[in-house]
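Given next are the chains, with one letter for each unit.
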Amino acid sequence: MHIHFIQHEIFEAPGAYLEWATQRGYNVTFSKIYEGHSLPDNVEDLDMLIVMGGPQSPDTTKEECPYFDGAAEIAFIQRFIAQGRAVVGVCLGAQLIGEALGARFDHSPEKEIGVFPITLTKVGLGDVKINHFGTSLAVGHWHNDMPGLTTESRVLAESEGCPRQIIAFGDLIYGFQCHMEFTPEVIALLIEEELDFLTNNNGYPYVQKPNEIRCYNYTEMNDKLFVFLDKLSEEYKKHSSYI
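Residues numbered from 1 in each chain as written. Predicted model: local features only at pLDDT ≥ 70, side-chain atom pairs only at ≥ 80, totals over all residues. Heavy atoms only, no water.

**Q** If you had to explain the packing of aromatic side chains to someone new, which residues and values would you point to?
**A** Counted by the stated rule, this structure contains 10 aromatic pairs. Seen in terms of ring centroids, W142 and F182 are 6.2 Å apart; in terms of plane orientation they differ by 80°. Their pairing is edge-to-face. In this pair, W142 sits in strand 6 (residues 136-146) while F182 sits in the loop between strand 9 (173-176) and helix 5 (184-200), placing the two residues 40 residues apart along the sequence. Across the pair, exposure class does not vary: W142 and F182 are buried alike. Through a chain of ring-to-ring contacts, three or more aromatic side chains come together here, namely W142, F182, Y216 and Y218. Here the basic side chain of K32 rests over the ring of F30, its NZ or CZ set 5.1 Å away from the ring centre. The ring of Y204 is capped by K111, whose NZ or CZ atom sits 6.0 Å from the centre of that ring. (Phe/Tyr/Trp six-rings, centres within 6.5 Å; stacked < 30°, edge-to-face > 60°. Helix = DSSP H or I, 4+ residues; strand = E, 2+ residues; numbered from the N terminus. Buried < 20%, exposed > 50% of the residue type's maximum accessible area, 1.4 Å probe, protein only. Lys NZ or Arg CZ within 6 Å of the ring centre and 35° of its normal.)

**Q** Explain the packing of helix 2 (residues 70-82) against helix 3 (residues 92-100) to me, using residue names and the numbers behind them.
**A** Interaxial distance between helix 2 and helix 3 falls to 9 Å at its minimum, and their mutual angle equals 70°. Judged by the angle between their axes, helix 2 and helix 3 are roughly perpendicular. Relative to helix 3, the crossing made by helix 2 is right-handed. Between helix 2 and helix 3, the contacting residues are G70, E73, I74, I77 and Q78 on the first element and L96, I97, E99 and A100 on the second. Residue classes in the contact of helix 2 with helix 3 are distributed as 5 nonpolar, 2 polar and 2 charged. (Axes fitted to C-alpha atoms, helices over the stretch in contact; angles between N-to-C directions. Parallel < 35°, antiparallel > 145°, perpendicular 65-115°, else oblique. Left-handed = near helix turned anticlockwise from the far one by under 90°. Contact = heavy atoms within 4.5 Å. Nonpolar A, V, L, I, M, F, W, Y, C, P; charged D, E, K, R; others polar.)

**Q** Tell me about helix 5, and name the residues and values.
**A** Largest kink in helix 5: about 80°, centred on E194. By the burial criterion, the buried members of helix 5 are V186, I187, L190, I191 and L198. Elements that come into contact with the buried residues of helix 5 comprise strand 5 (106-120), strand 6 and helix 6 (210-214). (Bend = angle between axes of the 7 residues up to and from the residue.)

This is the structure in structure tokens:
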């Protein structure tokens, strides 16, 4: 398997997604947008695309962020989907997948930062790739927005602060508004970036203090993410010419 990551910021690191790929011995490549990396010229040699999060929105302009080209990423995701490859989007990445399929992203009802439970919907409990999450699972959050929905998409999980936490856009296409990839190392980077806001927040009910976020054990959510990725990989192999 060849896994390609699009990473938008150093502090939006792939964490457990990269650990999974490394543990499985998969080939891993990166487009580190914040370092000026280009997107791959072709997708034929890639099996799975994982698009990470970032403080940008899909409609962030070049004037607002010179190294982010939302239109180019959306076009690349469309090419990837058209080739029948597996695609996973995290936060901004999930929103970009929705945009690639014609679904406009939206603002979440609540800003969520920290660890809060998601609840699987009835459809989610019937999805064989994520039903091992159980009815409810504590996961990481760090967002303001959420993905749009297509007529074919299925909402698999929600939270008190956001009705679109996990979305299946297709059998091989999943969007995670939540962050199951968090590790202590990733959390340290994010907290450093947002320390002033987190320390002085008084008005957001779903935003935790830095120490609360640091103290959480992320192992369970990481392990469940690994199982999801293994299931997704197996389905991809069944439905592709992968050898």
